[in-house]
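Each chain is listed here by its residues.
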Amino acid sequence: MKASLKACDVVIFGGGGDLAMRKLLPALYHLDQDGLLAKNTRIIGASRRDMSAQDYQDKVREALNEFVPASVGDENTWPRFKERLSYVSVDAQEESDFARFNDHNVGDDEKDVVFYLATSPDLFGSICSSLANHGLNQERMRVVLEKPLGRDLISSRAINDEVTQNFGEKQIFRIDHYLGKETVQNLLAIRFGNTLFEPLWDSAHIDNVQITVSETVGVEGRWGYYDKAGALRDMVQNHLVQLLCLVAMEPPGRNDADSVRDEKIKVLKALRPIEGANAYTKTVRGQYAKGMINGKDVKGYFDEEGSNLESRTETFVALRADIDNWRWAGVPFYLRTGKRLGQRYSEIVIQYKSIPHSIFNDESNRQLQRNQLIIRLQPEEKISLTVMNKVPGAGEGMNLQPVDLNLSLSEAFNNKRSPEAYERLLLDVMRDDATLFMRYDEVEAAWKWVDGIMAAWSQTSERPKEYASGSWGPAASMALPIKDGRNWHDY
Ligand code: BG6
């Protein structure tokens with residue numbers, strides 16, 4: 001990664017919260033360790049609590065001990081990182097409190113400033129207007145907005161209208177941390193850095209595409225948030241739809257923010273609406289019941305803290321998406337994601353068509369399988385391509401067998417540490433590169449599509465289908481590709 005050479009102030013609203021402690025501060029620490037932060041870059045936690053800079057530094061140290069165990073006892077980076085950390089106590093709804101940023105010299109010396117809003121989206125509008133009223137919305141100042149950006153098109157527009165009253169589109173960085181994952185970026189390298197794949201990347205050669213994001217965790221004490229969101233809003237509207245866009249978009253002219261986003265928006269606009277009765281044949285909703293994961297008993301959704309037996313919120317969703325354009329006509333994109341499934345993994349599978357004509361005998365034909373490109377995002381980052389081979393041996397005749405050509409990224413790059421998604425994204429905000437962030441028209445188009453599905457679901461009295469924790473979701477989700485004569489790729 002290229003360093004952020006220009007010093008800047010990074011202000012984190014919600015600076016004492018879960019996201020800051022688990023993800024943002026560990027990511028900034030790693031950037032510092034890798035020499036990617038400029039000398040005078042400061043990190044300023046901001047939240048309502050009264051805390052001294054020393055208290056904040058202690059809290060961050062504790063978080064690093066837990067979330068970056070390798071940092072325990074680190075005498076190289078920590079002293080430098082600690083010096084960067086300070087704290088400002090600000091009530092996000094109390095405009096006069098924002099004067100404290102001026103007292104703290106935020107943005108002085110022509111420094112760039114990044115305001116990371118790791119708060120509830122209800123506060124985005126008022127934070128941005130208070131910043132503007134204190135002169136903290138100049139061109140060199142940017143805001144980073146964490147999801148969820150609303151819960152439907154209307155609420156997302158309301159948030160956007162409030163934010164854009166005070167910050168221009170170029171100053172707004174809407175984060176989707178999936179876009180910062182290494183293998184997701186590698187997808188661009190595979191597609192556009194090789195001559196091999198792109199000529200075969202269309203409906204003439206590809207039979208179907210599958211995107212799976214499978215989690216073993218449940219709602220993890222977030223019932224209040226999660227029950228209002230559900231898997232469709234929490235995961236599909238953003239992470240899975242963004243992955244779909246990167247697979248399906250046309251080659252952009254250049255790898256810059258607007259060229260890439262111009263291509264993604266075309267895909268979003270070509271997504272066929274799933275509405276009315278279609279929602280029953282093209283989507284499956286599930287809710288987890290108790291079960292067993294990795295040998296441990298786990299609770300069902302209704303046994304989680306704060307739960308409500310009336311809830312119809314889906315913790316699993318599988319659906320078939322179609323893209324109505326020349327390149328993808330007739331190619332289903334199967335998407336699925338869920339909590340408390342059997343295994344934590346995320347992958348994109350490109351299943352190619354069968355060969356048009358076989359030269360082999362019946363026995364060999366039975367062994368033939370379609371080529372498959374698998375891009376695994378987690379737990380390990382790897383890419384594999386399944387190709388048909390002859391089993392070695394003179395007496396074997398033409399015995400065929402699929403063999404995987406595997407590219408393990410950690411082995412190929414000598415176990416070089418793969419940065420966490422937030423490292424890449426924070427660095428990009430600091431150097432003002434919005435390529436991996438969402439433009440508002442993308443967010444809006446994704447909500448439009450998701451709103452259609454939500455509206456269709458709300459017309460039914462049917463509950464989401466129960467599935468045992470540790471399984472692969474409701475049986476109906478297995479049937480979704482089977483109805484079309486296809487199968488999910490097994491992990
Ligand atoms: C978040 C969702 O955006 O992504 C969580 O709100 C989910 O519910 C998380 O657990 C998954 O991210 P990752 O990087 O662990 O796959």
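Scroll up to find the structure.
Conventions and cut-offs
- Residues numbered from 1 in each chain as written.
- Predicted model: local features only at pLDDT ≥ 70, side-chain atom pairs only at ≥ 80, totals over all residues.
- Heavy atoms only, no water.
- Core = buried A, V, L, I, M, F, W, Y, C linked by side-chain atoms within 4.5 Å.
- Buried < 20%, exposed > 50% of the residue type's maximum accessible area, 1.4 Å probe, protein only.
- Domains from an automatic or database assignment.
- Near = heavy atom within 4 Å.
- Polar contact = N/O pair within 3.5 Å; in protein donor to acceptor, adjacent residues only side chain to side chain.
- Areas by Shrake-Rupley, 256 points an atom, 1.4 Å probe, with all protein chains shown as cover.
- Helix = DSSP H or I, 4+ residues; strand = E, 2+ residues; numbered from the N terminus.
- Axes fitted to C-alpha atoms, helices over the stretch in contact; angles between N-to-C directions.
- Parallel < 35°, antiparallel > 145°, perpendicular 65-115°, else oblique.
- Contact = heavy atoms within 4.5 Å.
- Nonpolar A, V, L, I, M, F, W, Y, C, P; charged D, E, K, R; others polar.
- Phe/Tyr/Trp six-rings, centres within 6.5 Å; stacked < 30°, edge-to-face > 60°.
- Lys NZ or Arg CZ within 6 Å of the ring centre and 35° of its normal.

Novice: Help me understand the nonpolar core in this model?
Specialist: One recurring pattern in soluble globular proteins: nonpolar side chains tend to sit buried together. Phe-13, Leu-25, Phe-101, Phe-115 and Phe-333 are the most contacted members of the largest nonpolar core, which totals 141 residues. The residues that make up this core include at least three from each of domain 1 (8-175) and domain 2 (179-419 + 439-483).

Novice: Teacher, can you tell me more about the site of the ligand here?
Specialist: Around the ligand, the neighbouring residues are Lys-147, His-177, Tyr-178, Lys-181, Glu-215, Arg-222, Asp-234, Met-235, His-239, Lys-339, Arg-344 and Gln-378. Contacts to the ligand include Glu-215, whose side-chain N or O atom sits 2.5 Å from an oxygen atom. Contacts to the ligand include Lys-339, whose side-chain N or O atom sits 2.9 Å from an oxygen atom. When the ligand sits alone it has 400 Å² of accessible area, and the protein chains cover 81% of it. Examining the composition of the shell around the ligand, we find that three residues originate from one element, helix α8 (residues 223-248), more than from any other.

Novice: Whenever I open this one, the packing of helix α7 (residues 182-192) against α8 confuses me. Can you help?
Specialist: Angle between the axes and distance between the axes: these two values describe a pair of packed helices. For the pair α7 and α8, the least separation of the axes is 10 Å and the interaxial angle reads 10°. The pairing of α7 with α8 is recorded here as roughly parallel in orientation. Each of Val-184, Leu-187, Leu-188 and Arg-191 in α7 lies in contact with α8, whose residues at this interface are Leu-243, Leu-246, Val-247 and Ala-248. Counted by class, the contact of α7 with α8 contains seven nonpolar, no polar and one charged residues.

Novice: Is there a simple way to explain the packing of aromatic side chains in this structure?
Specialist: All chains considered together, the criterion is met by 17 aromatic pairs. Taking the centre distance of 5.8 Å and the plane angle of 70° together, the rings of Phe-98 and Phe-101 count as edge-to-face. Side by side, Phe-98 and Phe-101 carry an identical accessibility label, which is buried. Judged by centre distance (6.2 Å) and plane angle (65°), the rings of Phe-101 and Phe-115 are edge-to-face. Residue Phe-101 is located in helix α4 (residues 99-103), and its partner Phe-115 is located in strand β4 (residues 112-117); the two are separated by 14 residues in the primary sequence. Note on Phe-101: relative accessible area 0%, which makes it buried. If you follow Arg-61 out to its NZ or CZ, it ends over the ring of Trp-78, 4.8 Å from the centre. Across from the ring centre of Trp-488, 4.1 Å away, lies the NZ or CZ of Arg-336, which sits over that ring.

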